[in-house]
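# Survey of secondary and tertiary structure
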Amino acid sequence: MSASKEELFKRLSDGVVDMEEEDVIEACNEYVEAGYPIFDGIMDGLVDGMNRASQLYEDEEYFVTDVLLCSDAMYEGLSILRPHLPSDEAEKEKIKGVIGVVEGDTHDIGKNLVKIMLETAGFEMIDLGRDVPLQSFVDKAKEVNASFVCMSTLMTTTMGGMNTVVDLLKEAGMREEVKVIIGGGPISKKFADKIGADGYSPNAVEAVKLIKKLLAIA
Amino acid sequence: MHKDDKMTPNERLTAFMTGKPMDRILAMPVLCSMSGLALGMTHKEKRSSALNEANAQVACYERFGNDLTIIEYGLHGVGAALGSQMSDPEDSIPAIMKYTLDNLNDVDQLDMSKLELKNDKKFQLHVEATKILIDEVGKEVPTGVLISGPFTAAASIYQTEHLLRATRKNPEKLHQLINFCNEGLKMIYREFIKAGAIILLCDPIASGTILNQKQYLEFVLPYTIDLMKDIHDAKGMVCYHICGDTTAIVGDMVKSGCDMLSIDNRVDLAYTKEVAGDKVPILGNVDPVEVLILGNTKDVDLTVKNCIQKAYDSPCGYILASGCDLSGEVPLENLDQFMASARKYGKWPLDPKNFV
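This structure is a prediction, so every number in the text was calculated from the model and none was measured.

What chain A contains, in helices and strands, is ten helices and five strands. Over its C-alpha atoms chain A spans a radius of gyration of 18 Å, differing by no more than 12% from the 17 Å that the globule rule assigns to 218 residues. By principal-axis analysis of the C-alpha atoms, chain A measures approximately 60 × 40 × 30 Å. Taking all 218 residues of chain A together, 51% fall into the buried category. Within chain A, counting contacts between residues at least 6 apart in sequence, those at least 24 apart form 74% of the total.

Pasting the structure below:
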């Protein structure tokens, strides 16, 4: 007899929290085979696990490495479950955000953590990567009709690029529709205020809360 | 010597090390990657020749009277020499565009000879700059070289995110990579020590913001202890700095055997004094961005005062410094103020009435 849905939720969630990719893959395959609703497996299993991991990160029990390995397990699981989503759920429009490390900088761990957390929270993130030409943030936001843009940098010499992106969004007449949040080692609330960004987040968990607040999502 | 001082930085440092009176507290704003500003040079101009690099430092020293001149070997030098591809920006520190090592299992193929002075042109440039600088102002002011520690050197060869995963998934090969870096760094440090420089060992990727204490103890500290020993065997002196929030590892960092400990502005100076102040002199930690780049002279004055207030009575001594390297558009008048405030609040003999 196959495992109950609840048992599999737990195995998926625990597998993510414990960074056990193999366990997650095995539980996902069983879940698909048993024919349980795929959407629930993602939300109550994988995403639940990642949410627990981010809580541990917030509590400083988990560090960057742990979060990366948890997310590896989650993404492995998603790659198995997602193809089985019924088309109406798979194609359901999500709120979109564009994210990247500004031009001149290639430090991208912080950006990747923020992306993981925002994806876990249900946003569709378009990742421009690192050393991103400033105009690309604007062009991509326009192309995908993004609700927000996230920028990060670790270097003081490239901070100014964030200001340029805010200006470019204004020039394109998009500033009202697109929220801008920034983060990274040298970045602060003070700097965010100075360049007219909508918010600053000191870490990836806060970034999710900030975006939800700015977009007035509960 | 700066017109507002009564001792040269060399005299001041000697007095500090031997517990003799000085004219004022030692003040070492980390005038490194931004030093070209003092001559209106971009970072690219500054890093393009040994003479430019040395001249930028001389110009900073002449204007500010700072107690340490700094050569920028930098954090990516090891990776770049081994083949990591770097950007070449006009006015910023080059960034790593592509890492030389894709697969950690290929660590055996890294070629140590590429790190040797005779084979690395950039290394030659920095050693040459050190010699010019010491020739020029070495009688008055000490010279340090800002250079990566083992974990950061490893992160210039192999992408940090993979490096972090490897702490769990492939620790054996990761140890091999860090060990390789350590042996390379020993050789590099020795050349700078021979040229007369103090080693400013910076290991930002080992930051508490990225690693937990357990990872630091396994992948960073043992190598750092080994490096410090080699520096001392070569009769060198070393100041140890890790960026970001190192609160959890400050007590461990000092076990490395460093001669001085420098902390980021994310760490409380009073806490550092408590944990490490009875073992080594401590340096810190005026915020380079909020205060020195974005702030005004009033902010600088207040922050310098607060730092001195917190750490002036640290048992092994306190050196006023910025919390990290200064890069980008630092208003030079903020640095004038940094030194003026050091002279004002740090006037000898130190009197809490002046800064409490």
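Resuming the write-up.
What follows covers the overall build of chain B. Scanning chain B from N- to C-terminus turns up 15 helices and ten strands. Relative to a compact globule of 356 residues, whose C-alpha radius of gyration would be 21 Å, chain B shows 19 Å and is just as compact. Taken over the C-alpha atoms alone, chain B extends approximately 60 × 40 × 40 Å along its principal axes. The contacts of chain B with a sequence gap of at least 6 include a subset with a gap of at least 24, amounting to 70%.

This part takes up the confidence of the model for chain B. Confidence in the prediction for chain B averages 97 pLDDT; 100% of positions are at 70 or higher. Taken over the whole predicted complex, pTM reads 0.94, whereas the ipTM for its chain interfaces reads 0.91.

Here we take up the domain arrangement of chain A. Frequently, the measure chosen for interface size is the accessible area removed from exposure when the parts meet. Residue and element names in this part refer to chain A. Taken domain by domain, chain A comprises domain 1 (5-90) and domain 2 (96-214). One C-alpha centre belongs to domain 1, the other to domain 2, and the line joining them spans 27 Å. Elements represented by at least two residues in the side of domain 1 that touches domain 2 include exactly α3 (38-58) and α4 (64-81). Per-element accounting of the side of domain 1 that touches domain 2 gives the leading share, six residues, to α3. The class makeup of the residues in the side of domain 1 that touches domain 2 is five nonpolar, three polar and one charged.

Here we take up the sheet that holds strand β1 (residues 27-28) of chain B. Residue and element names in this part refer to chain B. Strand order in this open sheet of eight strands is β1-β10-β9-β8-β7-β6-β5-β2, and the pairing throughout is parallel. Both outer strands of the open sheet, β1 and β2 (69-74), are each paired with one neighbouring strand and no more. Sheet topology places β1 next to strand β10 (residues 318-322); two bridges connect them, and they run parallel. Paired with Met28 across the bridge in β10 is Ala321.

Once that is clear, we can look at helix α10 (residues 204-214) of chain A. Along an α-helix, residues three or four apart share an orientation, since each turn contains 3.6 residues. All names here are of chain A. Those residues of α10 not exposed but buried are Ala204, Ala207, Val208, Leu210 and Ile211. Down the axis of α10, the buried set is contained in an arc of 165°. They therefore lie on one face. Ala216 sits one or two positions beyond α10 and adopts a positive phi of about 55°.

For the rest of this paragraph, the subject is the packing of helix α3 (residues 50-64) of chain B against helix α5 (residues 121-137) of chain B. Residue and element names in this part refer to chain B. Viewed as axis vectors pointing N to C, α3 and α5 meet at an angle of 40°, and their least axial separation amounts to 8 Å. Here α5 runs oblique to α3, going by the angle between their axes. Handedness of the α3/α5 crossing: right-handed. Packed against α3, whose contacting residues are Ala50, Leu51, Glu53, Ala54, Gln57, Val58 and Tyr61, the element α5 presents Leu125, Glu128, Ala129, Ile132, Leu133, Glu136 and Val137 at the interface.

We now examine the interface of chain A and chain B. On the side of chain B, 23 residues touch chain A, which itself brings 19 residues to the contact. Per element, the largest residue contribution to the side of chain A that touches chain B is four residues, and it comes from α4 of chain A. A per-class count over the side of chain A that touches chain B returns eight nonpolar, eight polar and three charged.

So, how was this worked out
Residues numbered from 1 in each chain as written. Chains lettered and ligands numbered in written order. Predicted model: local features only at pLDDT ≥ 70, side-chain atom pairs only at ≥ 80, totals over all residues. Helix = DSSP H or I, 4+ residues; strand = E, 2+ residues; numbered from the N terminus. Rg over C-alpha atoms; globule rule 2.2 N^0.38 Å. Buried ≥ 20, exposed ≤ 12 C-beta atoms within 10 Å, placed from the backbone. Contact = placed C-beta atoms within 7 Å. pLDDT = per-residue confidence, 0-100. Domains from an automatic or database assignment. Nonpolar A, V, L, I, M, F, W, Y, C, P; charged D, E, K, R; others polar. Pairing = 2+ DSSP bridges. Arc of directions from axis to C-beta. Axes fitted to C-alpha atoms, helices over the stretch in contact; angles between N-to-C directions. Parallel < 35°, antiparallel > 145°, perpendicular 65-115°, else oblique. Left-handed = near helix turned anticlockwise from the far one by under 90°.

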